[in-house]
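Summary of structural features
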Amino acid sequence: MHVPLLDLNAQLDEIRDEVKIAIDEVVESTRYIMGPKVTEFEREIADYCNVEHGIGVSSGTDALLVSLMALDVGPGDIVITTDYSFFASAGVIARLHATPVFLDIDPKTYNLDPEQLETWLKENEDKIDKVKAIIPVHLFGQCADMKPIIKTARKYDIPVIEDAAQAIGARYPNNGNPLKAGSMGKMGCFSFFPSKNLGGMGDGGMVVTRDDQLAEKLRKLRNHGAAPKYYHSMVGGNFRLDPIQAAVLSVKLQYLDEWHQKRQENAEYYKKNLNLDALTTPENAYRPEYHIYNQFIISVKGDREELKTFLRKKQIGFGVYYPVPFHKQECFEYLGYQDGDFPKSEYAAEHTLALPIYPELSVEMQDYIIDALHEFFE
Ligand SMILES: *Cc1c(COP(=O)(O)O)cnc(C)c1O
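Residues numbered from 1 in each chain as written. Predicted model: local features only at pLDDT ≥ 70, side-chain atom pairs only at ≥ 80, totals over all residues. Heavy atoms only, no water.

**Observations concerning the overall build of the protein**
A count of helical and extended segments in the protein gives twelve helices and 14 strands. The C-alpha radius of gyration computed for the protein amounts to 21 Å, which stays within 12% of the reference 21 Å derived for 378 residues, consistent with globular compactness. By principal-axis analysis of the C-alpha atoms, the protein measures approximately 65 × 55 × 40 Å. Buried residues in the protein amount to 56% of all 378 residues. In the structure as shown, the protein presents an accessible area of about 16,700 Å², 49% of it carried by carbon and sulfur atoms. In the protein, 40 side chains carry a positive charge and 57 a negative one; their mean positions are 3 Å apart. (Helix = DSSP H or I, 4+ residues; strand = E, 2+ residues; numbered from the N terminus. Rg over C-alpha atoms; globule rule 2.2 N^0.38 Å. Buried < 20%, exposed > 50% of the residue type's maximum accessible area, 1.4 Å probe, protein only. Areas by Shrake-Rupley, 256 points an atom, 1.4 Å probe, with all protein chains shown as cover. Lys, Arg positive; Asp, Glu negative; His and termini not counted. Charge placed at Lys NZ, Arg CZ, Asp CG, Glu CD.)

Right, dumping it as structure tokens:
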């Protein structure tokens, strides 16, 4: 048997006709920049997240970039984020010539540890007026612990930008009225990269916000800071969402909660059948249905390299997210971090591995993977 890490063919089989009709509508309309498909999809995402505004952009990276631009982040400023995420969470800070500050993670969820945040801010009182944003990341599809993060951010009056690229539809407990990922901070950023739970057929992203003024500024910034056309009150860029992507994503959004549910079922099946001392399965910090499992991450106590070789031999797809934490990246050497600065993040980078979790994964395939892992560890 061969099991890929992700199988977009299986998803396409379910929606092929609908998607082709939606694309064809854009083709025939000749509205190739912005237009009604983008506006419609922005409304749908805003509603899905229970917020006022959605601003479609060209990628998840650009969603983060334009959010920082909306807060006027620039040289000399500090932006705090997690040490352990996809590169974009940190790259956007450096691109604006601001200084990224990395913090260690909670090893149970792989997300920014709120206590580290509180401690850093307490110990760096002299720098607080330079801190322009905090970017928690909802890694692998589970929300960071937002209540203490937002409480601390409020105390110091620092805006929070959620990197929800992997977590559209993930929820966070709130007295029986759970909040959606992206709706808790000043701004929330999504990516529609094809491997995300809501993936386009190319690049795409979105910023969501409840703030009317920020929304207006974001809309300008994504289009060279122009409003009206050719009149520039600020310098933005071309960060527009492609209407063909918007059309595809509108179709897929209708299936999203169903797909999440299948991922959650697959996760529970793995957890039930992977009771091995040599590995740990993901922990649900909240209710199991609040985690959307963009990735199913196991942490192996022993040597990960041997397991990788074994999985390759068994033709089981896997991923390593991410092999190098930010503070060890060559491009961030100038920040002066040392090996050992963030032990939890370093441990995760060395010991974790993602297994196939996509909605169309069959029981037979999952059993094959489970049996293989038992064989390897026993
Ligand atoms: C995918 C991802 C991004 C970037 O999204 P793109 O659409 O690929 O630019 C940012 N942050 C995280 C955590 C991601 O997983």
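**Quick word on the pattern of salt bridges**
Throughout the structure, instances matching the rule amount to 13 salt bridges. Across the pair Asp 72 and Lys 217 runs a salt bridge, and its minimum N-O distance is 3.1 Å. Of the two residues, Asp 72 is situated in the loop between helix H3 (60–70) and strand E2 (78–82) and Lys 217 in helix H7 (residues 212–221); the sequence distance between them amounts to 145 residues. Note on Asp 72: relative accessible area 56%, which makes it exposed. Close ionic contact of Lys 314 with Glu 375 constitutes a salt bridge, the shortest N to O distance being 3.0 Å. (Salt bridge = Lys/Arg side-chain N within 4 Å of Asp/Glu carboxyl O.)

**Things to note about unusual backbone geometry**
For the bond running from Ala 227 to Pro 228, omega is -10 degrees, close enough to zero to count as cis. Tracing the backbone shows Pro 228 in the loop between H7 and helix H8 (243–253). The linkage connecting Tyr 321 with the following residue, Tyr 322, adopts the cis geometry, with an omega of 10 degrees. Within the secondary structure layout, Tyr 322 lies in the loop between helix H10 (304–313) and helix H11 (343–351). Not every positive phi belongs to a glycine, and Asn 50 is a case in point at roughly 55 degrees.

**As for the side chain of Asn 266**
Within the element layout of this structure, Asn 266 appears in helix H9 (residues 256–273). Residue Asn 266 is classed as buried on the basis of its relative accessible area, which comes to 8%. Contact partners of Asn 266, with chain neighbours within four places excluded, come to Ile 357, Tyr 358, Pro 359, Leu 361 and Gln 366. (Contact = heavy atoms within 4.5 Å.)

**Structural notes on H10**
In an α-helix there are 3.6 residues to a turn, and that puts residues three or four apart on one side. Arg 304, Leu 307, Lys 308, Phe 310 and Leu 311 are the residues of H10 that are buried. End-on, the buried residues of H10 take up no more than an arc of 165 degrees, which puts them together on one face. Those residues of H10 that are exposed and angled more than 90 degrees off the buried face are Glu 306, Arg 312 and Lys 313. Residues of H10 that are buried in the fold lie against strand E13 (296–300), H11, strand E14 (352–355) and helix H12 (363–377). Two or three places before Glu 305, at the start of H10, stands the capping residue Asp 303, its side-chain oxygen 3.0 Å from that residue's backbone nitrogen. One or two positions beyond H10, positive phi appears at Gln 315, with a value near 60 degrees. (Arc of directions from axis to C-beta. Polar contact = N/O pair within 3.5 Å; in protein donor to acceptor, adjacent residues only side chain to side chain.)

**Structural notes on the environment of Ala 215**
If you trace the backbone, Ala 215 turns up in helix H7. Considered as a pair, Ala 215 and Ile 55 are 160 residues apart in the sequence and their alpha carbons are 7.2 Å apart. Ignoring anything within four residues of it in the chain, the contact list for Ala 215 reads His 53, Ile 55 and Thr 209.

**Here's the deal with the packing of H3 against helix H4 (residues 88–95)**
As a packed pair, H3 and H4 sit with axes 9 Å apart at the nearest point and diverge in direction by 40 degrees. Taken together, the axes of H3 and H4 are oblique relative to one another. Two packed elements cross with a definite hand, and for H3 against H4 that hand is right-handed. Of the residues in H4, those in contact with Thr 61, Leu 64, Leu 65 and Leu 68 of H3 are Ala 88, Ser 89, Val 92, Ile 93 and Arg 95. (Axes fitted to C-alpha atoms, helices over the stretch in contact; angles between N-to-C directions. Parallel < 35°, antiparallel > 145°, perpendicular 65-115°, else oblique. Left-handed = near helix turned anticlockwise from the far one by under 90°.)

**Let's talk about the pairing of E13**
In terms of residue burial, E13 counts as a mostly covered element, since five of its five residues are buried. Here E13 shows a buried face lined by Phe 296, Ile 298 and Val 300 and a second buried face lined by Ile 297 and Ser 299. Across two bridges, the pairing between strand E12 (residues 279–280) and E13 is antiparallel. Residue pairing for E13: Leu 279 is matched across the bridge by Val 300. Alignment of E13 against E14, held across four bridges, turns out to be antiparallel. Residue pairing for E14: Ile 298 is matched across the bridge by Leu 353. (Pairing = 2+ DSSP bridges.)

Keep in mind that these numbers describe shape and distance, not what the molecule does.
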